[in-house]
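Inside the fold
If you want the building blocks of each chain, they are given just below.
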Amino acid sequence: MLEVKEKQEKAPCNPEDYELCKHFIKAFQIIGKKWNGLIISSLCDTEDMRFKDLARCIEACSDRVLVERVKELERDQIVRRTVDDKTGIISYGLTEKGAELKPVFDQVHHWADKWA
């Protein structure tokens, strides 16, 4: 009984005290931001996507917000923007860093199919 009481009296875990927690928190700030998960997930399933196709995958997100999120993911080096030299067509895809999220998102889809 004494052990339980001692545990309750200790201060709660402070994530800033652990370096790995900082990385975990940063990861969730990126992928947990509204629409980012759907953007990344959509790009996991294809080589490259034009903006209109990405917008079609995420209909509930306004174009303005979608542009903002894609730019943020570009800054975080998860999404790359490519302009075709011949046609000027802009497309989006995942960087190597972003592509490494595919198994994570596959697991989230598996979990969601089972539990959500």
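See above for the structure.
Rules of the game
- Residues numbered from 1 in each chain as written.
- Predicted model: local features only at pLDDT ≥ 70, side-chain atom pairs only at ≥ 80, totals over all residues.
- Heavy atoms only, no water.
- Helix = DSSP H or I, 4+ residues; strand = E, 2+ residues; numbered from the N terminus.
- Buried < 20%, exposed > 50% of the residue type's maximum accessible area, 1.4 Å probe, protein only.
- Contact = heavy atoms within 4.5 Å.
- Areas by Shrake-Rupley, 256 points an atom, 1.4 Å probe, with all protein chains shown as cover.
- Phe/Tyr/Trp six-rings, centres within 6.5 Å; stacked < 30°, edge-to-face > 60°.
- Salt bridge = Lys/Arg side-chain N within 4 Å of Asp/Glu carboxyl O.
- Expected span 1.5 Å × (residues − 1).
- Arc of directions from axis to C-beta.

Quick word on the overall build of the protein
Counting its regular elements, the protein contains 7 helices and 3 strands. Written out in order from the N terminus, the α and β elements of the protein read α-α-α-β-α-α-β-β-α-α. Across the 116 residues that make up the protein, the buried fraction comes to 27%. Contacts spanning at least 24 positions in sequence make up 46% of the contacts within the protein whose residues lie at least 6 apart. With the model as given, the accessible surface of the protein reaches about 9,000 Å², and the carbon-plus-sulfur share is 54%.

What about the packing of aromatic side chains?
Applying the stated criterion across every chain, the model contains 1 aromatic pair. Relative to Phe-28, the ring of Phe-24 lies with its centre 4.9 Å away and its plane at 50 degrees, an arrangement referred to as tilted. Residue Phe-24 and its partner Phe-28 are both found in helix 2 (residues 19-31); the two are separated by 4 residues, about one turn of the helix. Overall, Phe-28 belongs to the partly exposed group, its relative accessible area being 46%.

Examining the environment of Gly-93
On the secondary structure map, Gly-93 appears in strand 3 (residues 90-94). Accessibility expressed as a relative area gives 0% for Gly-93, which makes it buried. Separated by 51 residues in sequence, Gly-93 and Ser-42 have C-alpha atoms that sit 9.5 Å apart. When sequence neighbours within four positions are dropped, the list of residues in contact with Gly-93 reads Leu-43, Glu-47, Asp-48, Ile-78, Val-79 and Arg-80.

Details of the pattern of salt bridges
Tallying each qualifying case throughout the model produces 7 salt bridges. We note a salt bridge from Arg-56 to Asp-53, for which the minimum N-O separation is 3.1 Å. Linking Arg-56 with Asp-53, this pair stays in helix 4 (residues 51-57), spanning 3 residues, or about one helical turn. Note on Arg-56: relative accessible area 53%, which makes it exposed. Judged by its relative accessible area of 25%, Asp-53 is partly exposed.

Examining helix 5 (residues 63-75)
A rise of 1.5 Å per residue sets the reference length of helix 5, with its 13 residues, at 18 Å; its end C-alpha atoms lie 18 Å apart and thus fit the reference within 8%. Taken together, the buried positions of helix 5 are Val-65, Leu-66, Arg-69, Val-70, Glu-72 and Leu-73. Viewed along the axis of helix 5, the buried residues span an arc of 160 degrees, placing them on a single side of the element. Summarising the geometry of helix 5, the exposed residues directed more than 90 degrees from the buried face are Arg-64 and Arg-75. A positive backbone phi angle near 60 degrees is found at Gln-77, which sits one or two residues after helix 5.

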